[in-house]
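What the coordinates show
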Amino acid sequence: MSAHPAPSPAPAPLAADRLARLLAVVGDLDPAALNWASGYLAALAVDRSRGAGATGTTSAAARATVLYASQTGNGRRVAEKLGRSLAAAGLSATVVSASDYPTRLLAQERLLYLVASTHGDGDPPDDARALIDFLNSRRAPKLESLAFSVLALGDSSYPQFCATGRAFDERLEALGARRLGGRVDCDVDYEAHAATWIDGAVELARQELGSDATTSSNVFVLPSAAPVAELASRDAPLEVELATNQRITARGADRDVRHIELVLPARRFEYEPGDAIGLVLPNPSGLVDEILSHTRLDASTTVTIGGTTATLGQWLRDRREIARIGRPLLERLAERCASNELAAVLRPENSAALRPLLKELQVADLLARHPAEWDAEGLVRALNPLASRLYSVASSRASVGDEAHLTVAVVEYQHARRRRVGPASWQLATSSPGLRLAAFVEPNPRFRVPADGSRDIVMIGPGTGVAPFRGFIQQRAAAGATGRSWLVYGGRRRERDFLYQTEWQAALKRGELSRLDVAFSRDSPSKVYVQDRLREHGRELFRWLESGAHVYVCGDAERMAPDVHAALVEIVATHGGRSPEDATEYVSELARIKRYARDVY
């Protein structure tokens with residue numbers, strides 16, 4: 001029988017003070033960051049004990065660190081797969097979001113893998129901003145001892161394809177780090193390229209870390225409390241049932257917005273307010289028929305790609321994106337029909353003309369405008385994989401049990417005198433209760449109510465961007481949170497599209513919502529938006545910020561989110577007596593310490 005270790009001596013006053021400060025820092029970390037910190041500190045302790053003459057198992061320098069900068073979760077999933085692969089190979093690895101990574105430790109790293117997504121047209125994900133700022137600052141260390149590899153995720157439909165991954169790759173090299181192989185840039189169909197990169201990364205880790213890393217202390221822990229295979233995930237969606245489909249805008253409103261309630265399988269569909277629900281829906285048969293008509297192809301033709309065999313009709317209905325155009329289709333079509341028009345719009349200098357084309361046209365529209373000869377396999381290969389549709393959860397399980405509520409704006413518009421719809425939103429809007437469909441949880445750990453219920457929160461959500469805040473209020477009410485809650489909501493007309501109006505008013509009466517300010521842009525001669533309301537109440541908002549409030553923004557990434565960000569900086573400058581530069585740094589610091597979070601799309 002082995003002897004029990006002697007109890008550790010009580011920490012000296014200085015050590016106790018340091019411990020208190022350490023606990024204050026890690027108390028705000030999410031599970032993924034705590035996993036990284038625990039692994040790093042354990043390895044560091046062993047490393048230092050070696051210096052004192054003791055024997056250990058794995059030094060901090062013999063660990064691989066996998067960072068991810070992800071907006072929608074793709075980068076996180078790739079990073080976690082790499083972490084599992086490294087651990088399965090007996091290599092010591094830790095995985096952490098770029099926003100949770102202690103940048104001061106970068107100089108001590110030996111092997112770094114970075115998975116970086118690009119959001120929109122060249123924008124970095126919110127969780128990458130602090131790391132990018134650090135690497136580009138004077139505080140960034142020289143990294144001659146670091147070996148690194150970058151996997152960049154992006155969408156080639158945007159001119160700034162994989163810009164974030166490219167920026168990381170170039171900056172790490174400029175700081176003296178040694179690149180392991182070339183950067184891999186992935187389009188929306190990233191899975192095959194990512195899998196190849198992961199295989200190569202494992203082999204490179206064996207070569208770089210050597211035998212020091214293959215020890216019995218290797219631990220890789222995912223931040224999920226339950227086995228991944230048991231829960232609904234993107235790789236393993238589960239069947240849910242549509243229980244409620246209710247229009248919550250008036251008939252004369254500009255948009256048809258639906259309140260959707262889904263019944264979930266018990267104990268297998270864990271989500272938190274701030275997460276999204278992904279829905280896997282087939283393409284409408286009418287849209288498939290249009291494509292077959294324009295290409296003069298037979299739906300029953302068999303196509304085999306990547307080990308998957310299906311008819312052309314099945315590929316178009318269940319496996320390929322036909323409501324959105326991707327750059328690969330434009331490139332293939334330009335070659336097939338020798339179109340100077342398409343070739344011109346694909347040039348980098350014509351990106352301004354490309355974006356409207358991608359927004360307005362569906363695949364059938366493009367094929368009708370530019371006729372060409374197609375074979376079944378060539379058409380399938382030119383199309384992007386069918387993407388699931390993500391909707392912010394508008395509920396808390398503490399309030400609704402085994403249900404998930406969504407707020408869905410139905411996509412419907414006219415193009416060339418033809419009515420076009422968003423396949424997923426339209427199917428939801430036209431379906432009756434009882435419909436069964438595949439769904440999964442897309443976690444969003446950076447968009448959560450504060451663990452400390454005494455903290456104040458400010459929620460800014462125009463239109464369907466208000467969805468997660470319905471879940472926030474339910475969650476805080478169930479937990480008995482004592483902090484104040486302020487909602488700033490925006491729409492076009494109060495009488496037509498004030499989403500969940502009666503619920504907000506009831507929450508005000510119950511004290512679950514402390515303050516509600518609204519901006520309806522079409523109800524007055526001069527348009528008023530949420531950012532205008534923020535400026536109007538800027539003095540009070542700054543007082544909330546100074547007292548520790550958390551700020552959340554959800555909704556349109558193209559105009560609303562930048563306008564709100566600019567308003568916050570202006571408010572801090574005006575009411576905090578700061579220069580524009582200092583005010584910008586103030587808001588950036590709020591984001592860094594996770595008191596300013598955005599879920600924008």
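The coordinates are above.
My aim in this report is to walk through the structure given alongside it, one point at a time. (Residues numbered from 1 in each chain as written. Predicted model: local features only at pLDDT ≥ 70, side-chain atom pairs only at ≥ 80, totals over all residues. Heavy atoms only, no water.)

Re the overall build of the chain
Counting secondary structure elements, the chain contains 22 helices and 21 strands. When the 601 residues of the chain are sorted by exposure, 49% land in the buried category. Considering only contacts within the chain whose residues lie at least 6 apart along the sequence, 78% involve residues at least 24 apart. A total accessible area of about 27,900 Å² is found for the chain, and carbon and sulfur atoms account for 50% of it. (Helix = DSSP H or I, 4+ residues; strand = E, 2+ residues; numbered from the N terminus. Buried < 20%, exposed > 50% of the residue type's maximum accessible area, 1.4 Å probe, protein only. Contact = heavy atoms within 4.5 Å. Areas by Shrake-Rupley, 256 points an atom, 1.4 Å probe, with all protein chains shown as cover.)

Things to note about the pattern of salt bridges
When charged atoms on two side chains of opposite charge get close, those side chains can pair. Enumeration according to the criterion identifies 45 salt bridges in this entry. Note that Asp235 and Lys81 form a salt bridge whose closest N and O atoms lie 4.0 Å from each other. Of this pair, Asp235 sits in the loop between α6 (191-209) and β7 (238-247) while Lys81 sits in helix α3 (residues 74-88), placing them 154 residues apart in sequence. Note on Asp235: relative accessible area 58%, which makes it exposed. By relative accessible area, which is 34% here, Lys81 ends up partly exposed. A salt bridge links Glu570 to Arg535, with the nearest nitrogen and oxygen atoms 3.0 Å apart. (Salt bridge = Lys/Arg side-chain N within 4 Å of Asp/Glu carboxyl O.)

Some details on the packing of aromatic side chains
This model, assessed by the stated rule, comprises 12 aromatic pairs. Between Phe447 and Tyr552, the ring centres sit 5.4 Å apart and the planes meet at 80°, which makes this aromatic pair edge-to-face. Here Phe447, found in the loop between β16 (436-442) and β17 (457-460), pairs with Tyr552, found in strand β20 (residues 550-555); they are 105 residues apart in sequence, far enough to count as distant. Considering the side-chain rings of Phe469 and Phe472, the 5.5 Å spacing of their centres and the 70° angle between planes classify their relative orientation as edge-to-face. Separated by 3 residues within a single helix, Phe469 and Phe472 lie in helix α16 (residues 467-479), roughly one turn from each other. Accessibility assignment for this pair places Phe469 and Phe472 in one class, buried. (Phe/Tyr/Trp six-rings, centres within 6.5 Å; stacked < 30°, edge-to-face > 60°.)

What to know about the pairing of strand β3 (residues 111-117)
Most of β3 is tucked away, with 7 of its 7 residues classed as buried. Here strand β1 (residues 64-69) runs beside β3; their pairing, made up of 6 bridges, is parallel. Pairing of Ala69 across the sheet is with Ala116, part of β3. Note: β3 against strand β4 (residues 147-153), 7 bridges, orientation parallel. Bridging from a neighbouring strand, Ala116 pairs with Ala152 of β4. (Pairing = 2+ DSSP bridges.)

Quick word on the sheet that holds strand β19 (residues 515-520)
With parallel pairing, the 5 strands of this open sheet are ordered in space as β19-β18-β17-β20-β21. Strands with a single pairing partner mark the edges of an open sheet, and in this sheet they are β19 and β21 (596-600). Going from strand to strand, the sheet's axes swing by 10° on average, the running direction of each strand aside. Alignment of β17 against β20, held across 4 bridges, turns out to be parallel. Residue pairing for β20: Ile460 is matched across the bridge by Val553. Contacting β17, β18 (485-491), β19 and β20, helix α20 (residues 538-546) runs over the sheet at an angle of about 135° to β18. The strands that helix α21 (residues 560-576) touches are β17, β20 and β21; relative to β20, the one it contacts most, it runs at about 155°. (Axes fitted to C-alpha atoms, helices over the stretch in contact; angles between N-to-C directions.)

Comments concerning the side chain of Asp599
Within the secondary structure, Asp599 is located in strand β21. With no salt bridge to any partner, buried Asp599 finds its closest opposite charge in Arg446, at an N-O distance of 5.3 Å. For Asp599, the side chain forms a polar contact with the side chain of Ser392, separated by 3.5 Å. (Lys, Arg positive; Asp, Glu negative; His and termini not counted. Polar contact = N/O pair within 3.5 Å; in protein donor to acceptor, adjacent residues only side chain to side chain.)

Comments concerning the sheet that holds β16
Pairing is antiparallel across the open sheet formed by 6 strands, whose spatial order is β12-β9-β16-β7-β8-β13. Here the strands that pair on one side only, and so sit at the sheet edges, are β12 (389-392) and β13 (403-409). Geometrically, the sheet is characterised by an average inter-axis angle of 40° between neighbouring strands, direction not taken into account. Inspection of the sheet shows β7 paired to strand β8 (residues 257-263) by 6 bridges, in the antiparallel sense. In the strand pairing of β8, Thr244 is matched with Glu261.

What about the packing of helix α7 (residues 285-295) against helix α8 (residues 312-319)?
Interaxial distance between α7 and α8 falls to 10 Å at its minimum, and their mutual angle equals 135°. As judged from the angle between their axes, α7 and α8 are oblique. As for how α7 packs across α8, the hand of that crossing is right-handed. Contacts between α7 and α8 involve Val288, Ile291 and Leu292 on the former and, on the latter, Leu312, Gly313, Leu316 and Arg317. (Parallel < 35°, antiparallel > 145°, perpendicular 65-115°, else oblique. Left-handed = near helix turned anticlockwise from the far one by under 90°.)

A word on α16
In this model, α16 (13 residues) spans 19 Å end to end at C-alpha, consistent with the 18 Å of a helix rising 1.5 Å per residue. Buried residues of α16: Ala467, Pro468, Phe469, Arg470, Gly471, Phe472, Ile473, Gln474 and Arg476, and no others. Trailing α16 by a residue or two, Gly480 shows a phi angle of about 70°, which is positive. (Expected span 1.5 Å × (residues − 1).)

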